[in-house]
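Fold and contact review
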Amino acid sequence: MWRRVSSLSNIISVAKPSLLYQVAHGLHILKAFSTEALNPAEAGILSKTRSPTINFVLGGPGVGKGTQCTRIAETYGFTHLSVGDMLRKEISSNSEYGDMILETITKGKIVSSEVTVKLLKSAIASSETDRFLIDGFPRSEENRVAYEQIIGIEPEVVLFFECNEEEMMKRVLHRNQGRVDDNIITTKERLRVFEAYSLPVIRYYSQKGKLHKINAIGTEDEIFERVRPIFDA
Ligand code: C5P
Ligand code: MG
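Everything numeric in this text was worked out from a predicted model, so none of it was measured.

**Some words on the environment of Thr79**
Here Thr79 lies in strand S2 (residues 79-82). Note: C-alpha distance between Thr79 and Phe132 (53 residues apart in sequence) is 4.8 Å. Non-local contacts of Thr79, meaning those with residues more than four positions away in its chain, are made with Ser127, Thr129, Arg131, Phe132 and Leu133.

Laid out in structure tokens, this is it:
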């Protein structure tokens, strides 16, 4: 009854018709905030003394991105930036975007890059560290295009934690973190959104030779052992 999102051949065959639309939409969004489209140096993110290292961590809902990011960050000295956590913080701090973000997360949809990339940019710019693990981003081609335009630092590594949908649903429904989106209806939509919008991004980085696919079935320790060789190298 659950579809498996398990092989790269699946990824390559998924969501092609919507891809052009997503990129076009991304460009439309960019036009809307092009006055803020500073280059990385202007944005204070890159400078003579600063050239941050960026790694992206992707995977469907409940796959364990956050758990593994915590361990990777501790072991290899990265600053862990969870975009989902950053968005939830906007809700709890009643920011101007709070209502829109809450509504989007509750529906299992993706928040506009206009907001997400702005948050990410200020988190990177205000950090005293220079090595980042960005968790849950880019989640769509729109996110990716906006990131390239506004932040523009090429990621070194893109990790993709891979797991079947039945297991992801089980993990989401058992984690008891009190999240508004950890219910069956929203999670079905999150899985659909992952397949339609995130798999094209995964395919993009696979074609660029940056993607490291990790089997996310197993214990936390087992999965972390699969990640280690990538950062030990
Ligand atoms: O990554 P996480 O599961 O914490 O994300 C929770 C929700 O936050 C997503 O389902 C989505 O609604 C929102 N989100 C987003 N754009 C991102 C990351 C998260 O809209 N890049
Ligand atoms: Mg998370």
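**Quick word on the site of ligand 1**
Inspection of the region around ligand 1 gives 15 residues, with Arg88, Lys109, Val111, Gly136 and Arg139 positioned closest. The contact in question runs from an oxygen atom of ligand 1 to an N or O atom on the backbone of Lys109, over 2.6 Å. Gly136 places a polar main-chain atom, nitrogen or oxygen, 3.0 Å from a nitrogen atom of ligand 1. Contact with the protein chains hides 96% of the accessible area of ligand 1, taken as 450 Å² for the molecule alone. Put simply, ligand 1 lies in the largest pocket. If you tally residues by element for the shell around ligand 1, the top one is helix H4 (residues 83-92), at four residues.

Rules used throughout
Residues numbered from 1 in each chain as written. Chains lettered and ligands numbered in written order. Predicted model: local features only at pLDDT ≥ 70, side-chain atom pairs only at ≥ 80, totals over all residues. Heavy atoms only, no water. Helix = DSSP H or I, 4+ residues; strand = E, 2+ residues; numbered from the N terminus. Contact = heavy atoms within 4.5 Å. Near = heavy atom within 4 Å. Polar contact = N/O pair within 3.5 Å; in protein donor to acceptor, adjacent residues only side chain to side chain. Areas by Shrake-Rupley, 256 points an atom, 1.4 Å probe, with all protein chains shown as cover. 1 Å grid on protein atoms, 1.4 Å probe; cavity = no way out; pocket = protein on both sides within 12 Å on 5 of 7 lines; lining within 4 Å. Sits in = over half its atoms within 2 Å of the grid points.

Everything listed is a geometric property; what it means functionally is a separate question.
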